[in-house]
Amino acid sequence: MFSILAVTLCFIPLCLYWVKRLTPDRSYLVIAIFWTINGITYTPEIFHWTWYNSVTNLITLYYNLIDAPLIILFFYFFFKKKIFLNLLYAFVIFEALMIAWKGFNFDSGNVIIGLGTLVCLILNIWGISVYFRKVQHTSPENVLVFVNAGLIFYYGLFTIVFFFNYIQFSKITLPYVTFINYLSICMATGLISFGLWKYATARYQEERY
């Protein structure tokens with residue numbers, strides 16, 4: 001039931017994006033897409049669809065390639081600073097070099113997702129620090145702090161998942177690691193969904209009024 005709740009919450013940001021008509025803001029779209037992909041990825045796993053067993057590793061490898069780039073893209077669309085676009089290009093080049101060196105497998109995937117997690121944590125901690133350095137905040141900035149907090153929970157707890165799933169795998173700890181993974185998803189999507197519901201408006205509407 002907890003896993004079903006986690007997957008269900010993954011689709012809430014997309015629903016809010018549609019209901020609140022946030023189409024002009026691409027940063028909100030990226031976050032909605034990010035969690036929708038997570039929801040789609042986990043759905044076959046929690047319902048134990050047999051066809052998923054043969055492709056689970058391949059899907060994980062592809063997901064690892066887009067995880068960090070989507071978060072970096074969110075920061076680029078939100079802040080509109082070229083440094084984030086350069087970081088995105090650099091990370092994609094890094095992924096290509098790792099795959100060319102080690103192949104498209106978990107040897108390269110573990111390094112990619114490990115570095116990606118670190119980059120995403122740093123970006124979101126930086127995002128929160130920027131927020132608290134200001135006295136007054138706009139609605140998008142209020143959304144941002146909830147997105148940052150949610151992703152810090154997600155990637156912070158994912159470091160535990162990463163260690164026990166990719167570095168020190170053990171069937172004994174697997175149920176606990178799975179619980180932590182779904183807990184991080186619930187916390188992250190809950191915070192982000194609240195931020196979108198409470199504060200998100202299309203930016204052109206703010207500029208108009």
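Residues numbered from 1 in each chain as written. Predicted model: local features only at pLDDT ≥ 70, side-chain atom pairs only at ≥ 80, totals over all residues. Heavy atoms only, no water.

Right, let's get into the packing of aromatic side chains. Counted according to the given criterion, the structure contains 23 aromatic pairs. Ring geometry for Phe84 against Trp126: centres 5.7 Å apart, planes inclined by 55°, an arrangement best described as tilted. Taken together, the residues Phe84 in helix H6 (residues 82–102) and Trp126 in helix H7 (residues 106–132) connect sequence positions 42 residues apart. On the accessibility criterion, Phe84 (7% relative accessible area) is buried. Stacked on the ring of Trp101, the Lys or Arg Lys102 has its end atom at 4.3 Å from the ring centre. (Phe/Tyr/Trp six-rings, centres within 6.5 Å; stacked < 30°, edge-to-face > 60°. Helix = DSSP H or I, 4+ residues; strand = E, 2+ residues; numbered from the N terminus. Buried < 20%, exposed > 50% of the residue type's maximum accessible area, 1.4 Å probe, protein only. Lys NZ or Arg CZ within 6 Å of the ring centre and 35° of its normal.)

Here we come to H7. For H7, built from 27 residues, the straight-helix expectation of 39 Å at 1.5 Å per residue is met to within 8% by its first-to-last C-alpha distance of 38 Å. The residue sitting at the N-terminus of H7 and contributing the capping side-chain oxygen is Asn105; that oxygen lies 3.0 Å from the backbone nitrogen of Asp107. (Expected span 1.5 Å × (residues − 1). Polar contact = N/O pair within 3.5 Å; in protein donor to acceptor, adjacent residues only side chain to side chain.)

Take helix H5 (residues 56–79) next. Counted at 1.5 Å a residue, the expected span for H5 with its 24 residues is 34 Å, and the 35 Å between its end C-alpha atoms agrees. Among the residues trailing H5, Lys80 stands out with phi positive, at a value near 55°.

Okay, the side chain of Thr117 next. By the element assignment, Thr117 lies in helix H7. Polar side-chain contacts of Thr117 include one of 2.7 Å to the backbone oxygen of Ile113. Excluding anything up to four places from it in sequence, Thr117 contacts Tyr155, Phe158 and Thr159. (Contact = heavy atoms within 4.5 Å.)

No statement about biological role is implied by the geometric values presented.
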